[in-house]
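Notes for the structure review
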Amino acid sequence: NEHETVYTDFLSMPLDKLRNAGKSFLFPQKNERILFICDQTLFGSLKEGFALTERAIYWKAQLQKAQRIAYQNLRTVERQKDWLHLNGQFFNTNPSLNLKMLKLLKKLKSLHQQSV
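Here the structure is a predicted model, which is why all the values come from computation and not from measurement. (Residues numbered from 1 in each chain as written. Predicted model: local features only at pLDDT ≥ 70, side-chain atom pairs only at ≥ 80, totals over all residues. Heavy atoms only, no water.)

Looking now at the layout of surface pockets. Reported here for the largest pocket is a volume of approximately 190 Å³. Lining the largest pocket are Q40, E48, G49, K60, A61, Q62, Q64, F90, N92 and T93. Taken together, the residues of the lining of the largest pocket sort by class into two nonpolar, six polar and two charged. (1 Å grid on protein atoms, 1.4 Å probe; cavity = no way out; pocket = protein on both sides within 12 Å on 5 of 7 lines; lining within 4 Å. Points joined across faces, edges and corners; volume = space filled by probe spheres on them. Nonpolar A, V, L, I, M, F, W, Y, C, P; charged D, E, K, R; others polar.)

Here is the structure:
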């Protein structure tokens, strides 16, 4: 039970929020299935946040540029104080969710390394 707003049903979510995510940080490839989108803005505009797809993680933190890392290219997932570094890039949600994302991304990294 996190405080962030998470969208999994993209047909019922507000179109303006989906559009904002698409302009700001969520640039999936054709036929890339989006699993969920997490809004990390103060007023719910979805101009900052992160999303997981079947192939990659996409995110945009405040005052940072948008980032994307495909799971197959995920080399390092490290905890740094209260945030994470993904391939050396800053990623942050909240301390509780960061820990969950750390475990999930390490597992995805491991799964992709085993399949190679």
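For the rest of this paragraph, the subject is unusual backbone geometry. At L46, a position not held by glycine, the phi torsion is positive, near 65°. Looking at where L46 falls in the secondary structure, it is placed in the loop between strand 2 (34-39) and strand 3 (49-53). Judged by relative accessible area, L46 falls into the buried class, the value being 0%. Despite not being glycine, N87 has its phi angle at roughly 50°, a positive value. Looking at the secondary structure, you find N87 in the loop between strand 7 (83-86) and strand 8 (89-91). On the accessibility criterion, N87 (16% relative accessible area) is buried. (Helix = DSSP H or I, 4+ residues; strand = E, 2+ residues; numbered from the N terminus. Buried < 20%, exposed > 50% of the residue type's maximum accessible area, 1.4 Å probe, protein only.)

Before going further, it helps to spend a moment on helix 1 (residues 15-24). Each full turn of the α-helix corresponds to 3.6 residues, which orients residues three or four apart in the same direction. Of the residues making up helix 1, those classed as buried are K17, N20, A21 and S24. End-on, the buried residues of helix 1 take up no more than an arc of 95°, which puts them together on one face. Exposed side of helix 1, more than 90 degrees from the buried face: L15 and K23 are the residues found there. Structurally, helix 1 contributes buried residues whose contacts are with strand 1 (5-7) and strand 4 (56-60). (Arc of directions from axis to C-beta. Contact = heavy atoms within 4.5 Å.)

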